[in-house]
Each structure stands twice: as structure tokens, then as C-alpha cells.
2 protein chains.
Amino acid sequence: MTDTAPRPTLEAVAARAGVSRATVSRVVNGGDGVRDVLVERVRKAVEELGYVPNQAARSLVTRRHDAVAVVVAEPETRVFADPFFALQLRGISKELTAHDNQLVLLLTEGRDDHARVGRYLAGGHVDGALVFSLHLDDPLPELVQRAGVPTVFGGRPGWSGDGRNVVYVDSDNRGGARDAVRHLAGLGRTRIAHITGALDQTSAVDRLDGYRDVVADADPRLIAEADFTPAGGERAMRRLLDRCPDVDAVFAANDLTAAGALRVLREAGRRVPDDVAVVGFDDMLPVAEQTDPPLTTVRQDIEEMGRLMARLLLRDLDRGTSHEDAAGAPAGVVLPTTLVRRASA
Amino acid sequence: MTDTAPRPTLEAVAARAGVSRATVSRVVNGGDGVRDVLVERVRKAVEELGYVPNQAARSLVTRRHDAVAVVVAEPETRVFADPFFALQLRGISKELTAHDNQLVLLLTEGRDDHARVGRYLAGGHVDGALVFSLHLDDPLPELVQRAGVPTVFGGRPGWSGDGRNVVYVDSDNRGGARDAVRHLAGLGRTRIAHITGALDQTSAVDRLDGYRDVVADADPRLIAEADFTPAGGERAMRRLLDRCPDVDAVFAANDLTAAGALRVLREAGRRVPDDVAVVGFDDMLPVAEQTDPPLTTVRQDIEEMGRLMARLLLRDLDRGTSHEDAAGAPAGVVLPTTLVRRASA
């Protein structure tokens, strides 16, 4: 609808919903005394026609709760153990609070609980949802979509082209990875390994793709799969030293993984960066500054990603629109990354 | 109501609510097509009379969302920085998930946001609330009470005798503190200092009282106020060394504070425990094991406290009762503590 199009009237809404003008008016003014089924029909007609009463009335029609759900698709133990999530939540919390919206964090023990999260989202308790750390075979996006709440995703979703309109905020994972590996190559390193993140997440896939962009014909033994955790980084580094003792550089998919790799290299008597140069991803503080030696890494602004997710969602809620994109493809905001040089590479 | 008392009938509910049997029945069967004001009157009558239809119908009457709010009365930055909260949330999450209830964590930037939390609680989005880390002048308990949701508190609330029926779960803070200070006295220490927690919290007040129980005529200069944070512990330890250079023992109100104190003692060249013995509180792992030297401390089972809070709330929700106590005084479950000896004292 452009600004010059005629605005739909109360009458048009009543006709569409098959109810009286009085009923529409009552719904617009709060819905008291109107049966839920009629309220729903009126709301649907209002939405379909793009009917906009005055702002206060609209907020009643749309039943704003001034509450936004945040769903991290990880077990709560991980949410509290990995500072990445705390940072993203910090950005989200600041932005929601600035707009007097309540942050409703839905915690789970794991994927088995995602159906329950979907039920809560569908229950009319929040105006919208921010969902991040998705894994490829997770039913959550489907459940979120069925719940019918406006949603912004953190990280590029793993699907595409199936008609779902999604909005996401991401970092330039592939470009950042390329910068990291080019930096290592620029130091003259020729046996550059990559410790991946969890490859059921697009951020890990994109970083691996960035590595391959630079090391076009990578020895497959130089790629060790891990899962974004320090323990995963340790295990992957041990495998790498085992099968490629001549490794002279490592690009780790995040700083926690790099920290694990550094511990194993030290135990193995390899000097960093002299024998093996190491680059991480995130620039997670204080982690990246406190490793031994301090970590060269690819900086992404995690807190800003959280803020931006919240801002995009609130903008859409204020407009009362849902995300639309001409092509029906995911609409992403991709933030740039920068290489931060410290001592490890 | 005992098991042998006659069960209230549908008719009695209808009479009490001033509505027809049919209306009560419709509310009991989901409330569709009944005006909100009547639903409320029926629900009130159901509650007052203790009317219990079959289980499925009851859950409709009581409009269970299978969702429980958790409110930590601290800024979200603190919630994510202090592992105490992660542990308590872990216990809560496990227990709620075991009963297929959704954990709804309401995060804030600080006390200014508590009114909004109160509004969310009053909005009918959760069945009950678990509230912890209360501070004495916090409006939250009042807001929670006004919201009318069943609540269990973590930690003894700071009020008493004003007729509010509250249920809480706490540790034996005073007894644990006595054990800590007696242990230090038993080592022959005569200048035993105390670094307090945030004294607007009952846990800190109770631990200070426990210290005073043992050191009856404590030199007031030996008591340094802090706030349960490592930075607060560092500042307090510096003040103590300044004004009482002869201090030979410190009981810190929690492990994080003790860790801060240990750093300052090391900087000041004091050997622990030879020159100054140090005892903490919590037995927070890995903190207590990773200090230098490892920390003697008072163990409380933080995760179990969380579990127990959730269990007590779910029990009440299942019974459909609210907390009642003959005297109207807070009804507390107080868990025992144990002294764990490591190297620091």
C-alpha cells in the first residue's frame, strides 16, 4: 500500500470479517465482550486490508504485550557457558529495554523441548521472537513460523528458496574467514589447517567456505571438525598434530576453539606463532586477550548483532507489517568483520 | 479441606459466582464464548470453594500455560557474569523440563525495569514465578504479589510479619557462617575479618550475623562491606590490610569475593594460609578449586536450591492451592551447609 492509496475503512473491515461495524469498533477499542472467535476474524480482516485506526487503538487491535521472546537453540548449559550468547543477549536486552519491551528468554534443556517453545510462542504471550544459534535439522524455524509471530533470526538460516520470508542478521563469516587465512598465507605459512565450528550451523559452513576460497586445494587432513567449544578445539588440535605434524598455521572457527588449540600446542611443545601461527574468530573479550599468547582473531560485533536483531523486529512490530521481500528469499543484514592482530599470528 | 469433607458442587460454584450452571460448565470446559469478566468470577468462586472438576477440566479452568517465569532481581549483565545464577537456573531448568513446563526467564537492565516485569507477570502469560536475589528495598515482591501469580522465592525475603504468605528456599547462611568462623578460630586465628556480601540482601545479613555469633565483640574495623563480586572483594581486602595490618584470617561472604581477596593478599606478599587464612562461601566450581591456593569454603547446593524452588511451585500449581501458613509468616525450606576444606584455611 502506498501513501496515496485510499485507506481501508471500518466498514470494509466489518464486511470482510462478516461482523457489524459495532463489533469491529469494540475490537479496535480493546475487544471486551467480544467472543474470541470474532476478535480473531476482525484482526484477520484488519491485517489483510491493512486497516490502520489511530495508534492507541491499533496497539489494542494488535494486542501488543510489549514483550519479545528470545530463543537460543542450544541447551541452557551452553547458553550460560559460552560468552557469545551473553554478548548477543546484552545487545538485545539494551535495545528492548530502551523501548520498554520485556525480554522473555525461553530456555530449554535441548532440542526435545523446542516443540514446547513453539507452543509458548503460539500462545499469544509475546509480540515477536528473536531466534539464534539455529542448527540445520532443527524443527524450530518451522515451529516459529507456525506460531505466526514475527521473527528475526540471528545468523543466516540454512534454508533458502522455499518461499519463506525471513529476516536475519549475520556477520560476513566467509569474508572474515578469507581475511584470516590470507593473513596466515601472507606470513609465509604453507600448511594452514582449519578447525571448523559445528557444521550443522551456517556460520561454520561459511567460515569453512572462506578457508577453501583461499586454500583452494586444501589437504583434507588439514580440516578438523569441531563444535565451537574449547574441548572440541583441543580434540581437533590433537588430531591435526597426529595426522599433519608439519602443520604451521591454524585458523580456528572461533576464539574458544582457538583457546583449546593453543593449550594443546603448548602441551606439545610447539611455539606460537613461531612454529604454528593461530587465528581465531569473534574477538571475544576477555578470552582473546587472555590466551597465551594473546589471540589474533577476526572481530565481529556480537553485541551489535543482538541490538540490530531487536531493532529490526521492533521496527516491524511498530509498522504492524510482516517481513516481505519481493523474491521471497531470506533478507539479510550482513555486518562486516575486521582482523585484529595480536601475538598469535 | 480434608479428604472426607464433601466436595463442592458445580451448583455451589454457580451460586457463588452469580451465574448459571451452564456458564460454569462452559468456563470449566475452556471458557469459549464467555465474557472475561464472568470467567474471572467463576474462577474466583472455583478457587474460593476449592471446587475440583476432573483433572483435564481443571487445567482448563485454571488456564495453565505450563510456563513458569524466573525473575533474577539483578541486571542481566550480572546474571551472566556470576555463575551462582547459572547454577540456580540449571536446577530450575531441569525440574521444569522434567514436568514439561517452559522456563520463561525475564531479564532486565536493572531495578527500573521491575514494574514492567510485574506487568508481564500480571498479564496471564505464566502459571507462577520463581524470584531470587531480592534486595531489601526492591519493589518486586510487592509487584509479584499484586500480579497474583503463585510465587516461590529463592532466599529468605527481607520482610516478615506483615501478613504476606510467602514460601522460600534458602541455605543455612547463618549456621554456615558460624562453621566458617569457628574453623578459623580453631586454627588459632585471633584477628578474623569478614568481607560481607551486599547488605541489602538477607543472605549477606545472615552470614554477617553468623560471624558475629562467633566473634562476639568483633573489632568493627575487621568488617569490610562488599557486594558478592570479585572486584568488591579486592577493594574490601585492600581496606582491611590498610586498617588492620595484623589481620590473620578472612571469612568472605562468597567464593567470588574470596577469589578477589586472595589476589590482593598475593599482591601484598601475604602467604595464604600461613599469614592469612581465607574461607569462602558457596563452593562454586570451578572457582573454588582454581583459586591459588584452592579455597576452603562453606558448601551450599545451589543447583538443588533451584530444583527445590521449582518443585515447590509445581506442587502448589498441581494442587491448585496457594501458599497458606497458619501464622501468616514466611514458610521457608532451609537447606544445610557443609564446610569443605581445601588449602586456604
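Quick summary incoming for the structure in this document.

Analysis parameters
Residues numbered from 1 in each chain as written. Chains lettered and ligands numbered in written order. Predicted model: local features only at pLDDT ≥ 70, side-chain atom pairs only at ≥ 80, totals over all residues. Heavy atoms only, no water. Helix = DSSP H or I, 4+ residues; strand = E, 2+ residues; numbered from the N terminus. Buried < 20%, exposed > 50% of the residue type's maximum accessible area, 1.4 Å probe, protein only. Contact = heavy atoms within 4.5 Å. Areas by Shrake-Rupley, 256 points an atom, 1.4 Å probe, with all protein chains shown as cover. Axes fitted to C-alpha atoms, helices over the stretch in contact; angles between N-to-C directions. Parallel < 35°, antiparallel > 145°, perpendicular 65-115°, else oblique. Left-handed = near helix turned anticlockwise from the far one by under 90°. Nonpolar A, V, L, I, M, F, W, Y, C, P; charged D, E, K, R; others polar. Buried area = accessible area lost by both parts, 1.4 Å probe. Salt bridge = Lys/Arg side-chain N within 4 Å of Asp/Glu carboxyl O. Polar contact = N/O pair within 3.5 Å; in protein donor to acceptor, adjacent residues only side chain to side chain. Pairing = 2+ DSSP bridges. Expected span 1.5 Å × (residues − 1). Phe/Tyr/Trp six-rings, centres within 6.5 Å; stacked < 30°, edge-to-face > 60°. Lys NZ or Arg CZ within 6 Å of the ring centre and 35° of its normal. Core = buried A, V, L, I, M, F, W, Y, C linked by side-chain atoms within 4.5 Å. Least-squares fit on C-alpha atoms with pLDDT ≥ 70 in both.

**Here we look at the overall build of chain A**
Here comes step 1: A count of helices and strands for chain A gives 14 helices and twelve strands.
Here comes step 2: Among the 345 residues that make up chain A, the fraction classed as buried is 55%.
Here comes step 3: In chain A, the share of contacts with a sequence separation of at least 24, taken over all contacts with a separation of at least 6, comes to 72%.
Here comes step 4: A total of about 14500 Å² of accessible surface is found on chain A, and carbon and sulfur atoms cover 48% of it.

**Looking at the environment of Ala14(A)**
All names here are of chain A.
Here comes step 1: Mapped onto the elements of the fold, Ala 14 is located in helix 1 (residues 10-17).
Here comes step 2: Ala 14 sits in the buried class, given a relative accessible area of 5%.
Here comes step 3: Distance from Ala 14 to Val 46, taken between C-alpha atoms, is 9.1 Å for residues 32 residues apart in sequence.

**With respect to the packing of helix 11 (residues 230-243) of chain A against helix 12 (residues 255-267) of chain A**
Residues and elements named next belong to chain A.
Here comes step 1: Two elements in contact, helix 11 and helix 12, have axes separated by 7 Å at closest approach and are oriented at 45 degrees. By the angle between their directions, the pair helix 11 and helix 12 is classed as oblique. You can see that helix 11 and helix 12 cross each other, and the crossing is right-handed. Each of Pro 230, Gly 233, Glu 234, Met 237, Arg 238 and Leu 241 in helix 11 lies in contact with helix 12, whose residues at this interface are Leu 256, Thr 257, Gly 260, Ala 261, Arg 263, Val 264, Leu 265 and Glu 267.
Here comes step 2: A per-class count over the contact of helix 11 with helix 12 returns seven nonpolar, three polar and four charged.

**Focus: the interface of chain A and chain B**
Often, the extent of an interface is quoted as the loss of accessible area on bringing the components together.
Here comes step 1: Taken together, the contacts link 32 residues of chain A with 32 residues of chain B.
Here comes step 2: Here chain A packs against chain B, burying approximately 2800 Å² in sum over the two surfaces, 55% of which is carbon and sulfur.
Here comes step 3: Contact with chain B buries area across many residues of chain A, yet Phe80(A), Gln102(A) and Arg116(A) alone supply 24% of it, more than any other trio.
Here comes step 4: Across the pair Arg116(B) and Asp100(A) runs a salt bridge whose closest N-O atoms are separated by 3.2 Å.
Here comes step 5: Viewed at the interface, chain B and chain A are joined by 17 residue pairs in polar contact (both at pLDDT 80 or more).
Here comes step 6: Elements with a contribution of two residues or more to the side of chain A that touches chain B: helix 5 (76-81), helix 6 (83-98), strand 2 (102-107) and helix 7 (114-122) of chain A.
Here comes step 7: Each residue belonging to the side of chain A that touches chain B can be placed in one class, and the counts come to 13 nonpolar, ten polar and nine charged.
Here comes step 8: Relative to strand 2 (residues 102-107) of chain B, strand 2 of chain A is paired through five bridges, and the arrangement is antiparallel.

**Some remarks on the sheet that holds strand 11 (residues 331-335) of chain A**
Within a sheet, neighbouring strands are paired by backbone hydrogen bonds and run either parallel or antiparallel to one another.
Here comes step 1: The strand order across the open sheet formed by twelve strands is 11(A)-5(A)-4(A)-3(A)-1(A)-2(A)-2(B)-1(B)-3(B)-4(B)-5(B)-11(B), and the pairing between neighbours is mixed. Since the sheet does not close on itself, it has two edges, and those belong to strand 11 of chain A together with strand 11 (331-335) of chain B, each with one partner. Taken over all neighbouring pairs, the strand axes of this sheet differ in orientation by 20 degrees on average, direction set aside.
Here comes step 2: Where strand 4 (residues 151-154) of chain B and strand 5 (residues 167-171) of chain B come together, three bridges link them in parallel fashion. Looking at strand 5 of chain B, one finds that Phe153(B) is bridged to Tyr168(B).
Here comes step 3: Docked against the sheet, helix 7 (residues 114-122) of chain B engages strand 1 (67-72) and strand 2 of chain A together with strand 1 (67-72), strand 2 and strand 3 (128-132) of chain B, running at close to 155 degrees with respect to strand 2 of chain B.

**Quick look at the side chain of His114(B)**
Here comes step 1: With respect to the secondary-structure elements, His114(B) resides in helix 7.
Here comes step 2: If we ignore the near neighbours within four places in the chain, the residues touching His114(B) are Ala73(B), Thr108(B), Asp138(B), Leu140(B) and Leu143(B).

**Section: helix 6 (residues 83-98) of chain B**
All names here are of chain B.
Here comes step 1: Taking 1.5 Å per residue, 16 residues should reach 22 Å; helix 6 reaches 23 Å between its end C-alpha atoms and fits that length.
Here comes step 2: Along helix 6, the residues classified as buried are Phe 84, Phe 85, Ala 86, Gln 88, Leu 89, Gly 91, Ile 92, Ser 93, Glu 95, Leu 96 and Thr 97.
Here comes step 3: Sitting at the amino-terminal end of helix 6 is Asp 82, which places a side-chain oxygen 2.9 Å from the backbone nitrogen of Phe 84.
Here comes step 4: Phi for Asp 100, located one or two positions after helix 6, is positive at around 50 degrees.

**As for unusual backbone geometry**
Here comes step 1: Between Val272(B) and Pro273(B) the backbone carries a cis peptide bond, its omega angle lying at 5 degrees.
Here comes step 2: Look at the link from Leu285(B) to Pro286(B): it is a cis peptide, with omega at 5 degrees.
Here comes step 3: Along the chain, Pro286(B) falls in the loop between strand 9 (277-282) and helix 13 (287-290).
Here comes step 4: Of note in this structure, Asp66(A) is not a glycine but carries a positive phi near 55 degrees.
Here comes step 5: Within the fold, Asp66(A) resides in the loop between helix 4 (55-61) and strand 1.
Here comes step 6: Residue class for Asp66(A) comes out partly exposed when judged on its relative accessible area of 37%.

**Comments concerning the packing of aromatic side chains**
Here comes step 1: Taken as a whole, this structure holds seven aromatic pairs over all chains when the rule is applied.
Here comes step 2: Between Phe85(B) and Phe132(B), the ring centres sit 6.1 Å apart and the planes meet at 25 degrees, which makes this aromatic pair stacked. Here Phe85(B), found in helix 6, pairs with Phe132(B), found in strand 3; they are 47 residues apart in sequence, far enough to count as distant. Here Phe85(B) matches Phe132(B) in class, with each residue buried.
Here comes step 3: Taking NZ or CZ as reference, Arg207(A) lies 3.8 Å from the ring centre of Phe281(A), over its face.

**Thoughts on the sheet that holds strand 8 (residues 249-252) of chain B**
Residues and elements named next belong to chain B.
Here comes step 1: Read from one edge of the open sheet, six strands run 7-6-8-9-10-12, paired in mixed fashion. Bordering the open sheet on either side are strand 7 (223-224) and strand 12 (338-340), each of which pairs with just one other strand.
Here comes step 2: Lying over the sheet, helix 12 (residues 255-267) contacts strand 6 (192-195), strand 8, strand 9 and strand 10 (296-299), oriented at roughly 155 degrees with respect to strand 9.

**Structural notes on the pairing of strand 10 (residues 296-299) of chain A**
Residues and elements named next belong to chain A.
Here comes step 1: Two elements, strand 9 (residues 277-282) and strand 10, share four bridges in a ladder whose sense is parallel. By the bridge assignment for strand 10, Gly 280 is matched with Thr 297.
Here comes step 2: Where strand 10 lies against strand 12 (residues 338-340), three bridges are found, and the strand directions are antiparallel. Looking at strand 12, one finds that Arg 299 is bridged to Thr 338.

**Things to note about the nonpolar core**
Here comes step 1: Counting residues in hydrophobic clusters, the biggest one holds 64 residues, and the most contacted among them are Leu105(A) and Leu105(B).
Here comes step 2: Residue contacts for Leu105(B): discarding those within four places in its chain leaves Phe80(A), Leu103(A), Val104(A), Leu105(A), Leu107(A), Val70(B), Val72(B) and Leu89(B).
Here comes step 3: Judged by nonpolar contacts, the second largest core, of 43 residues, contains Val71(A), Leu134(A), Leu140(A) and Phe153(A).

**Focus: the pattern of salt bridges**
Residue and element names in this part refer to chain A.
Here comes step 1: With the rule as written, the count across this model stands at 63 salt bridges over all chains.
Here comes step 2: Between Arg 307 and Glu 95 there is a salt bridge, with its nearest N and O atoms 3.2 Å apart. With a gap of 212 residues between them, Arg 307 in helix 14 (residues 302-319) and Glu 95 in helix 6 connect regions that are remote in the sequence.
Here comes step 3: The partner of Asp 316 in a salt bridge is Arg 315, with the nearest N and O atoms 3.7 Å apart.
Here comes step 4: Shared partners join several salt bridges into a network, and the residues in it are Arg 64, Asp 66, Asp 127 and Asp 318.

**Digging into the relation of the copies chain A and chain B**
Here comes step 1: Its rotation angle being 180 degrees, the transformation that places chain A on chain B also includes 0.0 Å of axial translation and leaves an RMSD of 0.2 Å. In the structure described here, the two chain copies are related by an operation that fits a two-fold rotation axis. Taking C-alpha positions as reference, the residue of chain A nearest the rotation axis is Leu105(A), located at 2.5 Å.
Here comes step 2: Looking at the interface residues of chain A, 100% of them are also at the interface in chain B, so both copies use one shared face.

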